[in-house]
Amino acid sequence: MYFIDAENVKKVYAEGRQKHTVAIEDFTLQVAEKEFVSIVGQSGCGKSTFLLMVAGLEQITEGRLTIDGQPVNGPDPLRSIVFQEYLLFPWKTVRGNIEFGLELNKIPKKERSNISSEYIRLVGLTGFENRYPHELSGGMKQRVAIARALVNKPKVILLDEPFGSLDALTREGLQTELLRIWLEAKCTVLFVTHSISEAIYLSDKVAIMRKRPGKIKEMITIDLPRPRTRDVFISPEFREYERYLKELVWEDL
Ligand SMILES: Nc1ncnc2c1ncn2[C@@H]1O[C@H](COP(=O)(O)OP(=O)(O)OP(=O)(O)O)[C@@H](O)[C@H]1O
Ligand SMILES: [Mg+2]
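Predicted model, so just to flag it, every value in this text is computed and none were measured.

Quick notes on the rules
- Each chain has its residues counted from 1, running along the sequence as written.
- Each chain is given a letter, starting from A, and each ligand a number, starting from 1, according to the order in which they appear as written.
- Reporting in this predicted model follows two pLDDT cut-offs: at least 70 for local features of residues, and 80 or more for side-chain atom pairs to be given and counted; totals over whole chains, interfaces and linings ignore these cut-offs and use all residues.
- At least two bridges found by DSSP between two strands is the condition for calling them paired.
- Only DSSP runs of H or I with at least four residues qualify as helices, and only runs of E with at least two residues qualify as strands; both kinds are numbered from the N terminus onward.
- For each residue, a C-beta atom is placed from the backbone, and the residue counts as near a molecule or strand when that atom lies within 6 Å of it.
- Only Asp, Glu, Lys and Arg are considered charged, only Ala, Val, Leu, Ile, Met, Phe, Trp, Tyr, Cys and Pro nonpolar, and every remaining residue, Gly among them, polar.
- Here the expected length of a helix is defined as 1.5 Å per residue gap, with one fewer gap than residues.
- Exposure in this text rests on C-beta crowding, where 20 or more other C-beta atoms within 10 Å of a residue's own make it buried, 12 or fewer make it exposed, and counts in between make it partly exposed. The C-beta atoms are placed from the backbone.
- An arc is given here, and it is the one of the directions from the helix axis to the C-beta atoms.
- For every residue pair, C-beta atoms are placed from the backbone, and the pair is scored as a contact if these atoms sit within 7 Å.

### Looking at the sheet that holds strand S1 (residues 4-15)
- Reading across from one edge, S2-S1-S4-S5 is the order of the 4 strands in this open sheet, with antiparallel pairing throughout. Each edge of the open sheet is held by one strand with a lone partner, namely strand S2 (19-31) and strand S5 (70-71).

### What about the site of ligand 1?
- Around ligand 1, the neighbouring residues are Tyr 13, Glu 15, Thr 21, Ala 23, Gly 41, Ser 43, Gly 44, Cys 45, Gly 46, Lys 47, Ser 48 and Thr 49.
- Elements that contribute at least two residues to the shell around ligand 1 include exactly S1, S2 and helix H1 (47-55).
- Tallying contributions element by element places H1 first for the shell around ligand 1, with 3 residues.
- Its residues placed into classes, the shell around ligand 1 shows 3 nonpolar, 7 polar and 2 charged.

### Remarks on helix H5 (residues 168-185)
- Its 18 residues place the ends of H5 25 Å apart at the C-alpha level, agreeing with the 26 Å of an ideal helix rising 1.5 Å per residue.
- Restricting attention to buried positions, one finds in H5 the residues Leu 174, Gln 175, Leu 178 and Ile 181. Down the axis of H5, the buried side of the element spans an arc of 135°, and every buried residue falls inside it. Across H5 from its buried face, at more than 90 degrees, point the exposed residues Leu 169, Leu 183 and Glu 184.
- In this fold, the buried residues of H5 make contact with helix H3 (109-122), helix H4 (138-150) and helix H6 (196-202).
- A positive backbone phi angle near 50° is found at Lys 186, which sits one or two residues after H5.

Below, the structure is given as structure tokens:
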């Protein structure tokens, strides 16, 4: 049994009585527990739609979607999502933003503070606990969003182009950090990106989607040793994965 198991999932968005968009159809994807899987595909192929359904924020129209054997029927703290825009509460500090989920779960103040300190350390924001979002860089805001998503110890973390709006250097730093956090937090990751090299560097498997209606076209296992360092980018194996995956994505253009 797979941990995340999507079988022949279809999602139709209905807009009014006449207009329907079939966002994804015959979508089948299986992810094992603690695996890191990236989803790559052209704009509009349904990547965010799939993540939102796994998060329980959108309902599937047809098919089957189970997590740990249970059908998804709505949001659950065991599944958290990080979007491209940081979506932090501007009136809360770094610590306040990270503790928000713990407050919802009625964790006592002292314990909240211990837990948030641990995650602040994990994402490298020690010393910035009392800053407000407007006092942080984009990369720092994204770290807060990641810490906030991890704080309830989710089993699944869903990242939708989390580094898309960052400059190249910050993005590289956060990729490496995310790998470290993933190893420490031991959760299952679904990661959406437009960057093929980012997907190869991070993932155990890369799923390529095709468009209209969106479905998984191919799933490639990335057989590069871990822990990975950035040297891997210049290895012939990496280049070969990159060439092959680019071809698959370009086929549909
Ligand atoms: N709330 C919605 N209502 C109606 N149609 C929607 C809605 N959300 C997405 N769609 C449509 O579903 C399809 C898939 O959209 P989705 O946002 O999942 O694509 P995506 O792969 O995440 O694209 P991008 O790479 O640009 O983020 C698109 O045709 C889009 O117009
Ligand atoms: Mg999207």
